[in-house]
Amino acid sequence: MTDATPALIALDAIADGGFAEVEATVEGDAESLVLYRDGVQVRAFLNICPHAGRRLDWAPGQFLKSREGHLVCAAHGASFALDSGDCIAGPCKGDRLRAVPLDVRDGQVYLA
């Protein structure tokens, strides 16, 4: 099967339980995405904290993960559940990250 859409990243380029940052066009806009790998599943969210609109990473592609396994915004410490993107602690509690649907095929990660 030939796919006109290029892969975002190889699955093996993301450590299991780890993060990666990629640039992608989402709904016509260039966006930074945070990818989280859980086994063969990869979830993506816009790399934007709903609290203040800042990037979640503390340096490009470098993300904080709490001992409890949550993504932590480097700017203000908001914590997000990695299964849903829900803000579970911090200044935007009750809000959520914007999920971006993905497909994993043949060891590559694509926008869905």
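The written sequence of each chain sets the order in which its residues are numbered from 1. With pLDDT at 70 or above as the cut-off, local features in this predicted model cover only qualifying residues; side-chain atom pairs require 80 or more to be listed or tallied, and sums for whole chains, interfaces and linings still use all residues. Hydrogens are left out, water is left out, and the side-chain values use all remaining heavy atoms of the structure.

Notes on unusual backbone geometry
Just so we agree on the cut-off: Here a strand is any run of E in DSSP of at least two residues, a helix any run of H or I of at least four, and the numbering for each starts at the N terminus. With a 1.4 Å probe rolled over the protein chains alone, any residue whose accessible area is under 20% of its type maximum counts as buried; one over 50% counts as exposed, and the rest are partly exposed.
A positive phi angle is found at Glu27, which is not glycine, with a value near 50°. By the element assignment, Glu27 lies in the loop between β2 (19-26) and β3 (29-38). For Asp106, which is not glycine, the phi torsion reads 50° and is therefore positive. With respect to the secondary-structure elements, Asp106 resides in the loop between β10 (102-105) and β11 (108-111). Of the residues examined, Asp106 reaches a relative accessible area of 81% and is grouped as exposed.

Considering the sheet that holds β2
To be explicit about the condition: Note: two strands are recorded as paired if DSSP finds a minimum of 2 bridges between them.
The antiparallel open sheet is built from 4 strands, whose spatial order is β2-β3-β4-β9. Bordering the open sheet on either side are β2 and β9 (99-100), each of which pairs with just one other strand. Sheet topology places strand β4 (residues 41-46) next to β9; 2 bridges connect them, and they run antiparallel. The partner of Phe45 across the bridge, within β9, is Ala99.

What about the pattern of salt bridges?
Put simply, the rule is: The term salt bridge refers to a pairing of a side-chain nitrogen on Lys or Arg with a carboxyl oxygen on Asp or Glu at a separation within 4 Å.
Tallied over the entire structure, the rule returns 5 salt bridges. Between Arg96 and Asp86 there is a salt bridge, and its shortest N-O distance comes to 2.3 Å. Linking Arg96 in the loop between β8 (87-89) and β9 with Asp86 in the loop between β7 (79-80) and β8, this pair joins segments that are 10 residues apart in sequence. According to the relative accessible area criterion, Arg96 is partly exposed, its value standing at 46%. Taking the relative accessible area as the measure of exposure, Asp86 reaches 26% and is therefore partly exposed. One salt bridge connects Arg105 with Asp103, and the closest N-O pair in it is separated by 3.6 Å. The exposure class assigned to Arg105 is partly exposed, which follows from its relative accessible area of 25%. A single salt-bridge network, built from bridges that share partners, covers Glu21, Arg55 and Asp57.

Here we look at the pairing of β3
Most of β3 is tucked away, with 7 of its 10 residues classed as buried. Here β2 runs beside β3; their pairing, made up of 8 bridges, is antiparallel. Counted as the bridge partner of Glu21 is Val34 from β3. Counting the residues between successive antiparallel strands, the hairpin from β2 to β3 contains 2 residues, one of them, Glu27, with a positive phi of roughly 50°. The loop that links β3 with its antiparallel partner β4 comprises 2 residues; one of these, Gly39, has a positive phi angle of about 70°.

Digging into the nonpolar core
Selection rule: For our purposes a nonpolar core is just a set of buried Ala, Val, Leu, Ile, Met, Phe, Trp, Tyr and Cys residues, chained together by side-chain atoms within 4.5 Å. We call two residues contacting when some pair of their heavy atoms lies within 4.5 Å.
In terms of nonpolar packing, the biggest core is built from 16 residues, with Leu8, Ile9, Leu33, Leu35, Val42, Leu102 and Val109 touching the most fellow members. For this core, the elements supplying multiple residues, two or more each, are β2, β3 and β4. By residue number, the principal contributor to this core is β2, which donates 4 residues. In contact with Val109, not counting residues within four places along its chain, are Ala7, Leu8, Ile9, Leu11, Val42, Leu102, Asp103 and Val104. Within the second largest apolar cluster, 15 residues are counted, among which are Phe19, Phe45, Cys87 and Leu97.

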